[in-house]
Amino acid sequence: MADDGEMHPDDEDTRPGAVMPLSPPPVRIDDLDDTVQLSTETRHRLLREPAGLAASPPAPRAPRTSAHLTHRVSVAGSAPLPLGAPIIVGRAPRAPRIPDGPPPILVPVVSPLGEVSSAHVELTEVGSAVVVRDLRSTNGTRVIAPGTTVRTLGPGESAVVPAGTVIELGDGVALEVLAPGVAAPQDGEEPR
């Protein structure tokens, strides 16, 4: 209470006979007007919960499984790699010091003239799109999408690319983004 004898909004009145404001009573399902429409699930939940108690948080849902097939990338004519995780290509690629998502697939390539940087390019699948990002390479990254002109990505630049895109790093090293699909079985592996 304040020294001036007046009540202030933050003060609690503790004098004998003082009336303390009460919170409104909980709404009972029987008190609802007919104009309020409740789903059957909500009506049953309200009937099960004791009045005045907070509802328990909903149970976590299991993640949805989707029939989403990942894009694939062929590096220098090699067997396709699925883009389920980021792919980093370069002379001596390393994972980032601060991980952001699943660990990347590191693909080292040979560059006799040193035109390919140690960590040159990263490819990731974001939803149903493929994003190619130059990792601040020295010589840039050439992107050749079907039906378009050649585009050179500068250091740190990225682009969304369709299936059929060829990505040139230098020294004859090229990557090709392939359409989504199930990877071909390896030797001795059952087809999926």
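Refer to the preceding data block for the structure.
My aim in this report is to walk through the structure given alongside it, one point at a time. (Residues numbered from 1 in each chain as written. Predicted model: local features only at pLDDT ≥ 70, side-chain atom pairs only at ≥ 80, totals over all residues. Heavy atoms only, no water.)

1. Digging into the overall build of the protein
Then, number 1: The helix and strand inventory of the protein stands at 1 helix and 11 strands.
Then, number 2: Within the protein, buried positions represent 26% of all 192 residues.
Then, number 3: For the protein, the proportion of contacts with a sequence separation of at least 24, taken over those separated by at least 6, is 43%.
Then, number 4: Total accessible area on the protein is roughly 13800 Å²; 55% of this is exposed by carbon and sulfur atoms. (Helix = DSSP H or I, 4+ residues; strand = E, 2+ residues; numbered from the N terminus. Buried < 20%, exposed > 50% of the residue type's maximum accessible area, 1.4 Å probe, protein only. Contact = heavy atoms within 4.5 Å. Areas by Shrake-Rupley, 256 points an atom, 1.4 Å probe, with all protein chains shown as cover.)

2. Concerning the sheet that holds strand β5 (residues 121-126)
Then, number 1: In spatial order, the strands read β4-β3-β5-β6-β9; together these 5 strands make up an open sheet with mixed pairing. Each of the sheet's edge strands pairs with one partner strand only, and the pair in question is β4 (105-108) and β9 (158-161). Averaged over all neighbouring strand pairs, the angle between strand axes comes to 20 degrees, with direction disregarded.
Then, number 2: With 4 bridges joining them, strand β3 (residues 87-90) and β4 adopt parallel strand pairing. Of the residues in β4, the one forming a bridge with Gly 90 is Pro 108. (Pairing = 2+ DSSP bridges. Axes fitted to C-alpha atoms, helices over the stretch in contact; angles between N-to-C directions.)

3. Structural notes on the pattern of salt bridges
Then, number 1: With the rule as written, the count across this model stands at 3 salt bridges.
Then, number 2: Of the charged contacts, one joins Arg 133 and Glu 122 as a salt bridge, the two residues approaching to 2.6 Å between their closest N and O atoms. Taken together, the residues Arg 133 in strand β6 (residues 129-134) and Glu 122 in strand β5 connect sequence positions 11 residues apart.
Then, number 3: As a salt-bridge pair, Glu 168 and Arg 142 come within 2.8 Å of each other at their nearest N and O atoms. Of this pair, Glu 168 sits in strand β10 (residues 166-170) while Arg 142 sits in strand β7 (residues 141-144); the two residues are 26 residues apart in sequence, bridging distant segments of the chain. (Salt bridge = Lys/Arg side-chain N within 4 Å of Asp/Glu carboxyl O.)

4. Remarks on the pairing of β10
Then, number 1: Sheet analysis places β7 next to β10, joined by 3 bridges and oriented antiparallel. Directly across from Arg 142, in β10, lies its bridge partner Glu 168.
Then, number 2: Summarising the sheet, β10 and strand β11 (residues 173-178) pair through 4 bridges and their orientation is antiparallel. The partner of Glu 168 across the bridge, within β11, is Ala 174.
Then, number 3: Where β10 hands over to β11, the hairpin turn is made up of 2 residues, of which Asp 171 adopts a positive phi near 55 degrees.

5. Some details on the side chain of Glu 122
Then, number 1: The class of Glu 122 is buried, set by a relative accessible area of 13%.
Then, number 2: One polar contact links Glu 122 to Arg 133, side chain to side chain, over a distance of 2.6 Å.
Then, number 3: Those residues in contact with Glu 122 that lie beyond four places of it in its chain are Pro 86, Ile 87, Ile 88, Val 131, Val 132, Arg 133 and Leu 135. (Polar contact = N/O pair within 3.5 Å; in protein donor to acceptor, adjacent residues only side chain to side chain.)

6. Observations regarding the nonpolar core
Then, number 1: Residues Val 89, Leu 123, Val 132 and Leu 175 are the most contacted members of the largest nonpolar core, which totals 21 residues.
Then, number 2: Looking at this core, the elements that each hand over two or more residues are β1 (72-75), β3, β5, β6, β9, β10 and β11.
Then, number 3: For this core, the element with the highest residue contribution is β11, accounting for 3 residues. (Core = buried A, V, L, I, M, F, W, Y, C linked by side-chain atoms within 4.5 Å.)

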